[in-house]
Structures are given as C-alpha cells and as structure tokens.
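Reading the structure
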Amino acid sequence: MRIVFMGPPGAGKGTQAKIICSDVGIPQISTGEILRHAMESGSDLGKEAKSYVESGGLVPDAVVIGIVKERIQEPDCVKGYLLDGFPRTLDQADALKRMTEELGKPLDVALNLAVPQDELVKRLLDRAQKEGRPDDTEPVIKSRLKTYEEQTLPLVDYYKKEGILKEVDGLGSMEDITARIKSALGI
Ligand code: AMP
C-alpha cells in the first residue's frame with residue numbers, strides 16, 4: 001500500500017505513522033527526519049536545509065523531491081511505503097504523481113489527520129519541552145503553522161480531486177485515532 005500521510009505540524013502524524021507502518025510492514029519515509037539526520041551529520045544536504053528548517057519554512061522543492069524519488073525506489077518500498085511530511089506543496093504533489101505513475105505504482109490513499117489550530121500550538125509547545133526539537137520554539141511553531149496553511153493545506157483539495165483522499169479526526173486518545181486511521185485505510 002502506498003500512502004501519503006498529511007496533517008498540520010503537531011497533529012500526531014509521526015506517532016501514528018510509526019504504528020501503521022509497523023502493522024502493515026512498510027517503511028515510514030519522513031522527509032523531516034531525513035533532513036534532521038542530515039543536519040546532525042553536517043552533510044551538504046544538512047547544510048543546505050538548515051536555515052529553512054530552523055526558520056519554519058520549507059526546504060526547496062527540488063531538494064526534497066530528489067530525496068523522495070530515490071527513496072521510494074529502494075528495495076524495502078516494493079510492498080509500499082508511507083510518506084510522512086511529503087508532499088508539502090502542490091509542485092511536490094505533482095512531482096510525486098508523475099514519479100509514481102512512471103514507476104507504474106500510483107498512490108493508493110492520501111490520509112489527512114485533521115486537528116484544530118489552538119490544539120496544535122498546545123501540543124507543539126508540549127513536545128518542545130519533552131523532545132527538545134530545535135524547531136519547536138514558539139515563533140518557529142507559528143511560522144510552521146503559517147507555512148502549512150499557505151502551502152500544504154491546498155493538498156487536501158488536490159487529493160480530493162484525485163479521488164484518493166481520506167479524512168480522519170485527529171482529536172482524542174492515541175488508540176482511538178489509530179483505530180480511525182486503520183478503518184479509513186481498510187486494514
Ligand atoms: P517535519 O518533521 O515533517 O515537521 O519537518 C520538519 C521541517 O523539515 C519542516 O518544517 C521543513 O522545514 C522541512 N521539511 C520536511 N519535509 C519537507 C517537505 N516535504 N518540503 C519542504 N520542507 C520539508
């Protein structure tokens with residue numbers, strides 16, 4: 001199964017993605033995690049991504065599209081994959097559509113985890129204290145939410161038009177949300 005997992009920062013995407021991936025037996029491809037590892041290792045990719053990630057903006061499309069294009073062709077993606085945090089712009093979504101069609105393996109589902117804005121700020125500040133992610137400070141959180149609304153939210157309509165959108169309510173206990181996601185995915 002090839003899944004795009006969408007939702008605003010702080011919606012709990014990463015946590016749920018891990019659970020779904022281990023249940024289905026597919027890899028979780030998180031562009032945010034790939035970029036954070038690159039930044040920690042000080043690679044060229046990390047150096048290029050740093051200023052964008054730290055300000056809460058988006059890393060240029062060409063960079064993340066290149067990462068995903070290579071990653072989804074690795075052997076562990078034969079049975080499928082879950083994209084967590086990609087695509088985040090319409091150009092990324094178009095590129096993904098093209099590359100999956102070229103590979104003859106189109107996306108099966110785009111799942112949107114919906115959470116109201118005020119709940120998101122609360123969750124993100126809470127995560128900042130627990131995990132100490134460098135982009136979880138209040139000004140950067142606000143900037144990430146704004147980036148999300150302006151550039152990523154239009155993807156919900158995009159996938160609705162593609163006919164593969166599933167919407168899931170992201171409020172409630174972790175277990176309840178997992179159950180809703182599984183039911184939406186039919187697993
Ligand atoms: P995440 O862990 O998904 O919240 O991503 C953390 C940060 O990495 C984002 O705020 C962006 O700066 C960058 N990033 C992750 N995925 C993408 C993407 N698909 N396009 C552009 N930038 C991204």
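Notes on the structure in this doc start here. Everything numeric here is computed off the predicted structure, so don't read it as measured data.

1. Details of the site of the ligand
Around the ligand sit 17 residues, and of these Thr-31, Arg-36, Gly-57, Gly-85 and Gln-92 come closest. Arg-36 has a polar side-chain atom sitting 2.9 Å from an oxygen atom of the ligand. A distance of 2.9 Å separates a nitrogen atom of the ligand from a polar side-chain atom of Gln-92. In the complex, the protein chains occlude 95% of the 480 Å² of accessible area that the ligand would expose alone. Among the cavities detected, the one that contains the ligand is the largest pocket. Those elements that provide at least two residues to the shell around the ligand are helix H2 (31–41) and helix H3 (44–55). Ranked by residue count, the leading element in the shell around the ligand is H2, at four residues. Of the residues belonging to the shell around the ligand, the class tally is seven nonpolar, five polar and five charged.

2. Focus on unusual backbone geometry
In the segment running from Phe-86 into Pro-87, the intervening peptide bond is cis, with an omega of 0°. Among the secondary structure elements, Pro-87 is positioned in the loop between strand S3 (81–84) and helix H5 (90–102).

3. Re helix H1 (residues 13–24)
Each turn of an α-helix holds 3.6 residues, which means side chains three or four residues apart point in the same direction. Helix length check: H1, at twelve residues, gives a terminal C-alpha distance of 16 Å against a target of 16 Å (1.5 Å per residue), a fit within 8%. The inward-facing, buried residues of H1 contact strand S1 (2–6), strand S2 (28–30), S3, strand S4 (109–114) and helix H9 (174–185). The positive-phi residue at the C-terminal boundary of H1 is Gly-25, with phi of around 80°.

4. Quick look at empty space enclosed by the protein
Evaluation of the coordinates by the stated rule reveals one cavity of 30 Å³ or more. One number sums up the size of the largest cavity: a volume of about 80 Å³. Around the largest cavity sit Phe-5, Met-6, Gly-7, Pro-9, Lys-13, Gly-85, Phe-86, Pro-87, Arg-88, Tyr-148 and Thr-152, which together line it. Looking at the lining of the largest cavity, the elements that each hand over two or more residues are S1 and helix H7 (138–152).

5. Concerning the pairing of S1
In terms of burial, S1 is largely enclosed, as five of its five residues are buried. Burial along S1 is two-sided: Arg-2, Val-4 and Met-6 facing one way and Ile-3 and Phe-5 facing the other are all buried. Relative to S3, S1 runs parallel, the two sharing four bridges. Across the sheet, Phe-5 pairs through a bridge with Asp-84, a residue of S3.

6. Quick word on the environment of Thr-31
By the secondary structure assignment, Thr-31 is in helix H2. Distance in space between the C-alpha atoms of Thr-31 and Leu-111 is 17 Å, their sequence separation being 80 residues. What Thr-31 contacts, discounting residues up to four positions off in sequence, is Val-68, Asp-84, Gly-85, Phe-86 and Arg-88. A polar side-chain atom of Thr-31 sits 3.1 Å from the main-chain carbonyl oxygen of Gly-85.

7. Points about the sheet that holds S3
Spatial ordering of the open sheet is given by S2-S3-S1-S4-S5, a layout of five strands whose pairing is parallel. Unpaired on one side and paired on the other, S2 and strand S5 (165–169) mark the two borders of the sheet. When the angles between neighbouring strand axes are averaged without regard to direction, this sheet yields 20°. With five bridges joining them, S4 and S5 adopt parallel strand pairing.

8. Notes on the packing of aromatic side chains
Inspection of every chain in the model, using the stated rule, returns one aromatic pair. Consider the rings of Tyr-158 and Tyr-159, whose centres lie 4.9 Å apart with planes at 85°: the pair is edge-to-face. For Tyr-158, a relative accessible area of 13% puts it in the buried group.

Calculation criteria
Residues numbered from 1 in each chain as written. Predicted model: local features only at pLDDT ≥ 70, side-chain atom pairs only at ≥ 80, totals over all residues. Heavy atoms only, no water. Near = heavy atom within 4 Å. Polar contact = N/O pair within 3.5 Å; in protein donor to acceptor, adjacent residues only side chain to side chain. Areas by Shrake-Rupley, 256 points an atom, 1.4 Å probe, with all protein chains shown as cover. 1 Å grid on protein atoms, 1.4 Å probe; cavity = no way out; pocket = protein on both sides within 12 Å on 5 of 7 lines; lining within 4 Å. Sits in = over half its atoms within 2 Å of the grid points. Helix = DSSP H or I, 4+ residues; strand = E, 2+ residues; numbered from the N terminus. Nonpolar A, V, L, I, M, F, W, Y, C, P; charged D, E, K, R; others polar. Expected span 1.5 Å × (residues − 1). Contact = heavy atoms within 4.5 Å. Points joined across faces, edges and corners; volume = space filled by probe spheres on them. Buried < 20%, exposed > 50% of the residue type's maximum accessible area, 1.4 Å probe, protein only. Pairing = 2+ DSSP bridges. Axes fitted to C-alpha atoms, helices over the stretch in contact; angles between N-to-C directions. Phe/Tyr/Trp six-rings, centres within 6.5 Å; stacked < 30°, edge-to-face > 60°.

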